[in-house]
Amino acid sequence: DYGEAINYLLESYTVAVKKLGPKEEIAALNNIANLYTKEKIFDKAIEYYNRAYDIAKEKNIDARKGLPLMNLGYIYNQLNNPVKARPYIINSMPYLKGQSHEMSAKVLLVENELLLGNAKKAREGAWKLINSIPDPKKENLDLFLWPIIAKSYLMEKQYLQAAEFAKKVLERNPDLGMKRDIYELLSSIYIKGHFFEEALSFKDSVINAERKLNDLKNGRLFENNRVRFEIQNYKEQIKAKEEKINTERTIFYSAIAIIAAIVIILLLMFRQKKIIAERNQHSTALDLEKEKTQNLLLEKQIT
């Protein structure tokens, strides 16, 4: 569900910009670009990969420069523009040295050789990579290199060798999407080799694989809708709880305010009574003093 995913990725980018640092910002941009790549919206993917690289360059973060460069090379390979792809792939490799993506860049460079029309050089590069790793199957490296070898033989019109290496991918039982691509490749190989019965058989496999992919996609869409509904329901529950808490908080603050007002009023009343009492006491004292003075005068008069 790419539409739902992009909202969260854009939100993560906002968080990275406002509260985190350039490394997290670059990671968020790469993730957004990856999503557009999956959707084959390559112009948007290129825009975000370039932004990620520009930030890494501006902040001088070498560890984050390699991935966007490599991914730009991947996109231009996909767009069958190997001349433009090649500098990106080559420039990414020093930054990716020792990282998990270093091998991916090397595979892209071999694929780039093939797209440039250098069939033999691409095949030799693929074999070199296969032989450089103790267990290529463990890292699934062979799944990406056998098709390159197959296509190199197809380019040289060696159809049987091309079919042999394409079938090596099927022996590994890859995911349905890769199977579909290999069925398509085998169909092309057999058509060009004039093995039309085999070509027709693999074309049927392509159709079946696409049907299964559509069924899988529909099943996932149903599951995504269910999850989205549960998330929305959960959000509504949280919102209801927050509203309840806000209401209770308002009542609490109102009660505190009322109690405070009553206490202030009582204090003012007590103070007022005290003032009145003091005034009365003072007035009484004055009256007594006045009466005493009058008595003294009266006494003097009598005397």
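Residues numbered from 1 in each chain as written. Predicted model: local features only at pLDDT ≥ 70, side-chain atom pairs only at ≥ 80, totals over all residues. Heavy atoms only, no water.

Engineer: Got a minute to help me understand the pattern of salt bridges in this structure?
Structural biologist: Opposite charge on two side chains lets them pair, provided their charged atoms get close. Tallied over the entire structure, the rule returns nine salt bridges. One salt bridge in this structure joins E47 and K44, with 3.5 Å as the shortest N-O distance. A residue pair is termed a helical-turn pair when its members lie 3 or 4 positions apart in one helix, as E47 and K44 do in helix 3 (residues 42–58) at three residues. We classify E47 as partly exposed; its relative accessible area is 33%. Each member of the salt-bridge network shares a partner with another, and the members are K44, E47 and R51. (Salt bridge = Lys/Arg side-chain N within 4 Å of Asp/Glu carboxyl O. Helix = DSSP H or I, 4+ residues; strand = E, 2+ residues; numbered from the N terminus. Buried < 20%, exposed > 50% of the residue type's maximum accessible area, 1.4 Å probe, protein only.)

Engineer: Got a minute to help me understand the side chain of E25 in this structure?
Structural biologist: Residue position: E25 is located in helix 2 (residues 22–38). With residues near it in sequence (within four places) discarded, E25 still touches Y13, A16, V17 and I55. (Contact = heavy atoms within 4.5 Å.)

Engineer: How should the packing of aromatic side chains be read in this particular structure?
Structural biologist: Each aromatic ring pair is described using two quantities: the centre-to-centre distance and the angle formed by the ring planes. What the rule picks out here adds up to 10 aromatic pairs. The interplanar angle of 35° and the centroid separation of 5.7 Å between the aromatic rings of W146 and F165 together place this pair among those described as tilted. Taken as a pair, W146 in helix 8 (residues 141–155) and F165 in helix 9 (residues 159–171) lie far apart in primary sequence, 19 residues in all. Across this residue pair, the class does not change: W146 and F165 are buried. Judged by centre distance (5.8 Å) and plane angle (55°), the rings of F252 and Y253 are tilted. Y253 sits in the exposed class, given a relative accessible area of 51%. Connected via pairs of aromatic rings, a cluster forms that spans W127, W146, Y153 and F165. (Phe/Tyr/Trp six-rings, centres within 6.5 Å; stacked < 30°, edge-to-face > 60°.)

Engineer: Sorry if this is basic, but what is going on with the packing of helix 4 (residues 66–78) against helix 5 (residues 82–96) here?
Structural biologist: When two helices pack together, you describe them by how their axes are tilted relative to each other and by the distance separating the axes. Close contact between helix 4 and helix 5 brings their axes to 7 Å; oriented N to C, the two are set at 155°. Looking at the two axes, helix 4 sits roughly antiparallel to helix 5. Taken as a pair, helix 4 and helix 5 cross one another with a handedness that is left-handed. Contact residues: helix 4 offers G66, L67, L69, M70, L72, G73, Y76 and N77, while helix 5 offers P82, K84, A85, Y88, I89, N91, S92, Y95 and L96. Looking at the contact of helix 4 with helix 5 residue by residue, the class counts come to 11 nonpolar, five polar and one charged. (Axes fitted to C-alpha atoms, helices over the stretch in contact; angles between N-to-C directions. Parallel < 35°, antiparallel > 145°, perpendicular 65-115°, else oblique. Left-handed = near helix turned anticlockwise from the far one by under 90°. Nonpolar A, V, L, I, M, F, W, Y, C, P; charged D, E, K, R; others polar.)

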